[in-house]
Each structure stands twice: as C-alpha cells, then as structure tokens.
Amino acid sequence: RAHVRIEGKAVPPLFQLCVDFLVLHFEFVERLGDVDNSIRTAIANQLIAQQKMNETSFRAIAEDGIEALELVDCSGIPKDELSTRLAHLFPAGLRYLVLEQLGRCMGPKTVQTIVQAAPTSSLFALAIAGAYLLKDDDAASLIQAISKTLSSLELRACPRLGIQVCKTLSNSFGNNHNNHLLEMALEDLSLDHDALQALVAKPAAFQNLKNLSLRRIEGLTDDIVTQVLQMAGDRLEGLDLTEHYGLTDASLSSIRQYSVNLRSLSLAKLKHLTETGLEALFTFVENMTAPPMLRHVDLADCDHQAVTDQVLRLITEGATKRPVVGQGALQQQPHQPHPISTTQLGGLTHLNIQGASLITDTAMESIAATCACFLQEMNVSFCTRISDQGLGYLVDPCAAQLTRIHVYGNAQLTEEFVDGNRRATDPTFEITGVWMKKSSDRTQR
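Residues numbered from 1 in each chain as written. Predicted model: local features only at pLDDT ≥ 70, side-chain atom pairs only at ≥ 80, totals over all residues. Heavy atoms only, no water.

Trainee: Explain the overall build of the protein to me, and be specific about the residues and the numbers.
Mentor: Helices and strands together make up the secondary structure of the protein, namely 16 helices and 19 strands. Taking all 445 residues of the protein together, 48% fall into the buried category. Residue pairs at least 24 apart in sequence account for 79% of intrachain contacts in the protein once pairs closer than 6 positions are excluded. Here the protein displays about 20500 Å² of accessible surface, and carbon together with sulfur accounts for 51% of that area. (Helix = DSSP H or I, 4+ residues; strand = E, 2+ residues; numbered from the N terminus. Buried < 20%, exposed > 50% of the residue type's maximum accessible area, 1.4 Å probe, protein only. Contact = heavy atoms within 4.5 Å. Areas by Shrake-Rupley, 256 points an atom, 1.4 Å probe, with all protein chains shown as cover.)

Trainee: Now, about helix α15 (residues 388–395): what can you tell me, with residues and values included?
Mentor: Within α15, six of the eight residues are buried, leaving the element largely enclosed by the surrounding structure. Within α15 the residues assigned to the buried category are Asp388, Gly390, Leu391, Gly392, Leu394 and Val395. For α15, the secondary structure elements touched by its buried residues are α14 (361–371), β15 (377–379), β16 (404–406) and α16 (415–418).

Trainee: I'd love a proper account of the environment of Ile353, names of residues and values included.
Mentor: Here Ile353 shows up in the loop between β14 (350–352) and α14. In this structure the C-alpha to C-alpha distance between Ile353 and Asp301, which are 52 residues apart in sequence, comes to 7.3 Å. Here Ile353 is in contact with Leu299, Ala300, Val307, Leu312, Ile359, Met364, Asn379, Val380 and Cys383, once residues within four sequence places are set aside.

Trainee: So what's going on with the environment of Asn178? Residues and values would help.
Mentor: Locating Asn178 in the fold gives a position in the loop between α8 (163–174) and β5 (183–187). Residues Asn178 and Thr149 lie 29 residues apart in sequence; the distance between their C-alpha atoms is 8.8 Å.

Trainee: Just give me the short version of the nonpolar core, but keep the residues and values in it.
Mentor: In this structure, Leu69 and Met364 are the most contacted members of the largest nonpolar core, which totals 129 residues. Beyond its immediate stretch of four places on either side in the chain, Met364 contacts Ile353, Ile359, Met378, Val380, Ile386, Gly390, Leu391 and Leu394. (Core = buried A, V, L, I, M, F, W, Y, C linked by side-chain atoms within 4.5 Å.)

Trainee: A description of the side chain of Asp138 should follow, citing residues and the corresponding values.
Mentor: With respect to the helices and strands, the residue Asp138 is situated in helix α7 (residues 136–146). The buried charged residue Asp138 lacks any salt bridge partner; its closest oppositely charged side chain belongs to Lys135, at an N-O distance of 5.4 Å. (Lys, Arg positive; Asp, Glu negative; His and termini not counted. Salt bridge = Lys/Arg side-chain N within 4 Å of Asp/Glu carboxyl O.)

Trainee: Run through unusual backbone geometry, naming residues and quoting values.
Mentor: What is expected of a backbone is that most residues other than glycine have negative phi and most peptide bonds are trans. The phi dihedral of Ala157 is positive, around 50 degrees, even though this residue is not glycine. As for its placement among the helices and strands, Ala157 is situated in the loop between β4 (152–156) and α8. Since its relative accessible area comes to 35%, Ala157 is described here as partly exposed. Phi angles above zero are rare outside glycine, and Lys269 is one such case at about 65 degrees.

Trainee: Residues and numbers for helix α12 (residues 275–282), please.
Mentor: Regarding α12, the residues found buried are Gly277, Leu278, Leu281 and Phe282. Axial view of α12: buried residues confined to an arc of 120 degrees, hence all on one face. (Arc of directions from axis to C-beta.)

Trainee: Hey, could you go over the pairing of strand β1 (residues 68–71) for me, with residue numbers and the actual values?
Mentor: The pairing of β1 with strand β2 (residues 96–99) spans four bridges and is classified as parallel. Opposite Ala68, over in β2, you have Tyr96 as the bridge partner. Where the polypeptide runs from β1 across helix α5 (residues 79–89) and back to β2, its parallel neighbour, the crossover connection is right-handed. (Pairing = 2+ DSSP bridges. Right-handed = clockwise from strand over helix to strand, strands pointing away.)

Trainee: Explain the packing of helix α11 (residues 249–258) against α12 to me, using residue names and the numbers behind them.
Mentor: Each packed pair of helices is defined by two parameters, the angle between the axes and the distance between the axes. α12 packs onto α11 with a crossing angle of 0 degrees between their chain directions and a minimal axis gap of 9 Å. When the axis of α11 is compared with that of α12, the two are roughly parallel. On the side of α11, the interface is formed by Asp249, Leu252, Ile255 and Arg256, while α12 contributes Gly277, Leu278, Ala280, Leu281 and Phe282. (Axes fitted to C-alpha atoms, helices over the stretch in contact; angles between N-to-C directions. Parallel < 35°, antiparallel > 145°, perpendicular 65-115°, else oblique.)

Trainee: Summarise the pattern of salt bridges; cite the residues concerned and give the values.
Mentor: Here the structure, examined in full by the defined rule, presents 17 salt bridges. Ionic pairing is found between Lys109 and Asp80, a salt bridge with its closest N-O pair at 3.5 Å. Placement of the pair is Lys109 in helix α6 (residues 108–117) and Asp80 in helix α5, with a sequence separation of 29 residues. One salt bridge connects Glu243 with Lys269, and the closest N-O pair in it is separated by 3.9 Å. Of the two residues, Glu243 sits in the loop between β7 (238–240) and α11 while Lys269 sits in the loop between β8 (264–266) and α12, which places them 26 residues apart along the sequence. Look at Lys269 and you get partly exposed, because its relative accessible area is 30%. Connected through salt bridges with shared partners, the residues Asp188, Arg216, Glu243 and Lys269 form a single ionic network.

Trainee: Would you mind going over the confidence of the model for the protein in detail, with residue names and values included?
Mentor: Mean pLDDT over the protein stands at 87; residues scoring 70 or higher make up 89%. Note that residues 325–342 has pLDDT below 50 and, in this model, 22 contacts with residues that lie over four places away or in other chains. Ignoring residues within four places in sequence, the model shows residues 438–445, a span with pLDDT below 50, making 17 contacts including any to other chains. (pLDDT = per-residue confidence, 0-100.)

Trainee: How would you explain the side chain of Asp240 if you had to name every residue and give the values?
Mentor: By the element assignment, Asp240 lies in strand β7. A distance of 2.6 Å separates a polar atom in the side chain of Asp240 from a polar atom in the side chain of Thr242. (Polar contact = N/O pair within 3.5 Å; in protein donor to acceptor, adjacent residues only side chain to side chain.)

Trainee: I'd like a rundown of the environment of Asp138, residues and numbers included.
Mentor: Overall, the relative accessible area of 19% leaves Asp138 in the buried class. Taking C-alpha positions, Asp138 is 8.7 Å from Val165, a pair spaced 27 residues apart along the chain. Here Asp138 is in contact with Pro108 and Val111, once residues within four sequence places are set aside.

Trainee: Summarise the pairing of β4; cite the residues concerned and give the values.
Mentor: Regular strands have side chains that alternate between both faces of the sheet. Among the five residues of β4, four are classified as buried, and the element is accordingly described as predominantly covered. Bridge count between strand β3 (residues 125–129) and β4: five bridges; the pairing is parallel. Following the sheet pairing, Leu126 is matched in β4 by Leu153. Handedness of the crossover is the feature at issue here: the chain leaves β3, passes through α7, returns alongside β4, and the resulting connection is right-handed.

Trainee: Talk me through the packing of α12 against helix α13 (residues 309–320); I want residue IDs and the actual numbers.
Mentor: Orientation of α12 relative to α13, taken along the N-to-C sense of each, is 15 degrees, at an axis distance of 9 Å. The angle between α12 and α13 falls in the class roughly parallel. Remark: the crossing between α12 and α13 carries left-handed chirality. Facing Glu275, Leu278, Glu279 and Phe282 of α12, the residues of α13 in contact are Gln310, Val311, Leu314 and Ile315. Of the residues contributing to the contact of α12 with α13, the split by class is five nonpolar, one polar and two charged. (Left-handed = near helix turned anticlockwise from the far one by under 90°. Nonpolar A, V, L, I, M, F, W, Y, C, P; charged D, E, K, R; others polar.)

Below, the structure is given as structure tokens:
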C-alpha cells in the first residue's frame, strides 16, 4: 500500500518545482511582475515556511500595483516596513488584504496608514489574525474608515478587541444604506455579553450577510444567536458556531426558523445539543418551512448521544430531497407508506461526525443511498461502531469526487476495507488515520 502511494507521488507537479526553484534563489528576485495572485501567494507561503520572509523578500512580494496580498505569517516582517508598503499599496489598487500571525505589526502606525488611505481605496476584503497589539479603539477606527467598501471582514485572535469594535460594526454597517457586508468572521475574541448586545443593536447591520462565523466567542448565548440570525434572515448561507459550550437546542430552533437557505453549518463541540434538537432541525413537518439543504455539515465532538443514525438519515435526506409544494403547503396523501413526494436536488459534499460513537453502518448506508455522487470528504474518526463492510459499502458507489476519508481512532477497521475497497489503488483517494495489521504486528499511518 505504501509503495503504491509513493509511486503515485514520486514526481512533484511542475508548478511546485518552479515555486521551489524561485524560493531557493529568491535573493536574486527584484520583482515578480504581472503574475496571478495564486502564484504570488504560493511563493509567499513557501518563503514563510523556509523562514525567508524578511524585509527584502516582502518588498518583492508586496510590490506596487497588486490587488491582493495574502500572508499566513507576518512575524518576520518589520512593523515599519509593513506600514510603509501598505501606504504604497492602497493608492495603487490593493483590494484584498489577508494578514495572519501579525503579532506586533498591527500597531497604531499601521492602523493610521490604512485609515488615511481609506478615502481613496476600494478595499473589499480584510482579514486580521493574531494582532496582539491591536487596541479596541484603533480597530474601531479602522473598521469605520473602510466600512463603505468592505464586503468581507475577519478578525481572529486579537485579544484586545472589545465593545468599541462591536459598536462600530453595528453603527457603520447599520447606518450605511449601501451596506455591502456579505461575510463576517469573529473568532477567538474575548467579547462579553454587553459587547455582543452592542453588535446586534442595529438590525440593518447584517441584512445582506451570507456567511457568518462566531467561533469561540466567550459571551455568545442562545439569545444573541437568535438575534443575529433574525437580522440576517433567509439570506444566510454559511454559519459556524464551533466550540460554544453554552449553546443549546434553542439555537437549533432559531436556525430552523430564520436560516432556511443555509448550505454550510458547523456545530462542532456544542456539548449541550441533543438528539431531539437535531431531529427537530432536520425533520420535514407539514405546513412548516423545510429544513436547510446543507452541503457542508460539521457535528464533530458533540455530545456522544446527540448524533445518531436517525439524525444522519434526516440530514442526508434533507440535503438531497425537497417535498413537492402545492397551494402553499406540503402535499400529503393519506394511506400511503411515503406520503410526502420528493424531488432530488443535490447532496452533502463534506461531512464531519468525528466522535459520534452511536453511528453505525446504517448511517453509511443512508449516505451512500443519497450522497454517493456528491460526497467529497468525510471524517468518521472515533466512530467505533462502523465496520469494514459499512465503510466499504459507502466508498464503493462513490464517484471520483470523493478524495479523502479520516478514520483516526477506528482500530476496528482492517485490511478488508483499506485494501479491499474499489479505489484502494487510486492515488487520488486518501484514507488518513488507518490502523493496519501485518504479520500480527500493528502499525499506524
């Protein structure tokens, strides 16, 4: 098995060979010129990985005229150099700015540079992560300055942010008649209940929101979730509430009521969700709005009794079928075994049910029956009741779009599945976390 894998990946892609060559000799590169942003980002990531992102290489990456700048680690860039380059980039047309692991780089000087350039800039996407020097007031000034053109905003792991940022978000977008905010991510922030109440003070602030992430926000409650979902209404397509131990089934009820057009939902590590609440979210009920047709579902590490075969059956059926509607209500014929007629509309593409210890082969059969032509990636790690036969029954009918399955912690799986499934020798299909038996010895990959 290992030999087959190595053979399939022996020769790196030509693109990667070119990037490696450029990075190896990057001290001789004065400028990259007119290259696609994906190429520029790949080179920048490789420079960062090899600890070559310094003042000189940063100038070559962040040259005048680029529309997008994306850096996964800014810790090696002098803060004065970052401020200087941004002062040149904004007037030259920078529209997409993603800066992670900012550390000390995002201080008052850098903020002031962006604020001063805001009147003439057309920045539509901003992501800031790991800026431990970014003060609440400075962040508020920054958002207020760029809010007129901003469509996507992400603030992650900035420990000094608080109520001022929330007030500015609400006021800037709530009072802006040309509100363009479509995506917002607030993650790993120490926002208390008062700050979040300030965030939802203006109902119009998030009226156009399509994607919302509120990961690991300290003060988040069911009540705040309800208000946010009510503000966003049926325009919301993606929702991430990962790792909030205080949220309960009340949030599920709000999702069912307000977010009927969701396509992506992450409820990972919500320990107070119940099987009853999840069933209520995904069950068709006559004369009620239909449950969301999801493409991405993350229920990893919820309460071990919450995610069951029945819940998975409802999710997969809701993702693939819709009842035929007539006269404003679901048509239901009495005395029939399947009273609600349905039409096939799609299926799950990504599913994460890690730690769902009650999931059995029955759930694998449900997924195979409804999502075999759509599923791309699945995580069933620590689902110890799934057998070789059940997982094989799922993999065999899946088309080539299925590229990865995670099975960490499933020591019950053997070579019968790993080497016996239909795509065992396909280099594009990866099974991660396999326990293997060979000559009575156990090894792990």
